Amino acid sequence: MAGLLIDGDDLVVRLAWWERIVARRREVRVPLDSVTAVGVQPDRWRALRGVREGGAAVPGALCLGVWRHKDGRDFVALRGHRHAVLCVGLRPPAPFAGLAVETDDPVRTAAELQAVRGPAAPV
């Protein structure tokens, strides 16, 4: 399962070995200054916006990679479990408009990210 961590001034999405193969990237790194919103989406599939541009999608089981939509591109790492999803809104110079990542405890992760980042608008 993908994990989020803060490395210096960056928010990093670390991928498992098999996720790296599917997503064709080792990690996603965005500047913390680019974070505009942090929140938790209880319905995992509502976190998806647009259509798959790269990566893999297996209906009801997996969405991993880049999704393109009218506002830009999102990086998503969702598996077919019943977990809520951490959603992070981003602005340039981040390479994506948003992140949607399944974590073990998205509420705790969102609270920690907000504490480090400062007051960001909820998603």
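Before any of the text, the structure's been laid out above.
Keep in mind it's a predicted model, so treat the numbers as computed, not measured.

K.L.:
What is the right way to look at the nonpolar core in this model?
P.N.:
Grouped together as the largest cluster of nonpolar side chains are 25 residues, with contacts concentrated most on Leu11, Val13, Phe75, Val88, Leu90 and Leu99. Looking at this core, the elements with two or more residues in it are strand E2 (10-14), strand E3 (27-31), strand E4 (35-41), strand E6 (62-69), strand E7 (72-79), strand E8 (85-90), strand E9 (98-102) and helix H2 (106-117). If sequence neighbours within four positions are ignored, valine 88 has contacts with Leu11, Val35, Ala37, Ala97, Gly98, Leu99 and Leu113. Of all hydrophobic cores here, the second largest spans eight residues; its members include Trp67, Val76, Cys87 and Ala100.

K.L.:
I'm lost on the packing of aromatic side chains in this one. Help?
P.N.:
Any two aromatic rings considered together are summarised by their centre-to-centre distance and by the angle between their planes. Inspection of every chain in the model, using the stated rule, returns one aromatic pair. Judged by centre distance (5.9 Å) and plane angle (50 degrees), the ring pair of phenylalanine 75 and phenylalanine 96 falls under tilted. Residue phenylalanine 75 is located in strand E7, and its partner phenylalanine 96 is located in the loop between E8 and E9; the two are separated by 21 residues in the primary sequence. Comparing phenylalanine 75 with phenylalanine 96 shows no difference in burial state: the two are buried.

K.L.:
What is the right way to look at the environment of leucine 90 in this model?
P.N.:
Here leucine 90 lies in strand E8. Of the residues examined, leucine 90 reaches a relative accessible area of 9% and is grouped as buried. A sequence separation of 56 residues divides leucine 90 from serine 34, and the C-alpha atoms of the two residues are 5.2 Å apart. With sequence-adjacent residues up to four places away left out, leucine 90 is seen in contact with Val30, Ser34, Val35, Thr36, Phe96, Ala97, Gly98 and Leu99.

Parameters at a glance
Residues numbered from 1 in each chain as written. Predicted model: local features only at pLDDT ≥ 70, side-chain atom pairs only at ≥ 80, totals over all residues. Heavy atoms only, no water. Core = buried A, V, L, I, M, F, W, Y, C linked by side-chain atoms within 4.5 Å. Buried < 20%, exposed > 50% of the residue type's maximum accessible area, 1.4 Å probe, protein only. Helix = DSSP H or I, 4+ residues; strand = E, 2+ residues; numbered from the N terminus. Contact = heavy atoms within 4.5 Å. Phe/Tyr/Trp six-rings, centres within 6.5 Å; stacked < 30°, edge-to-face > 60°.

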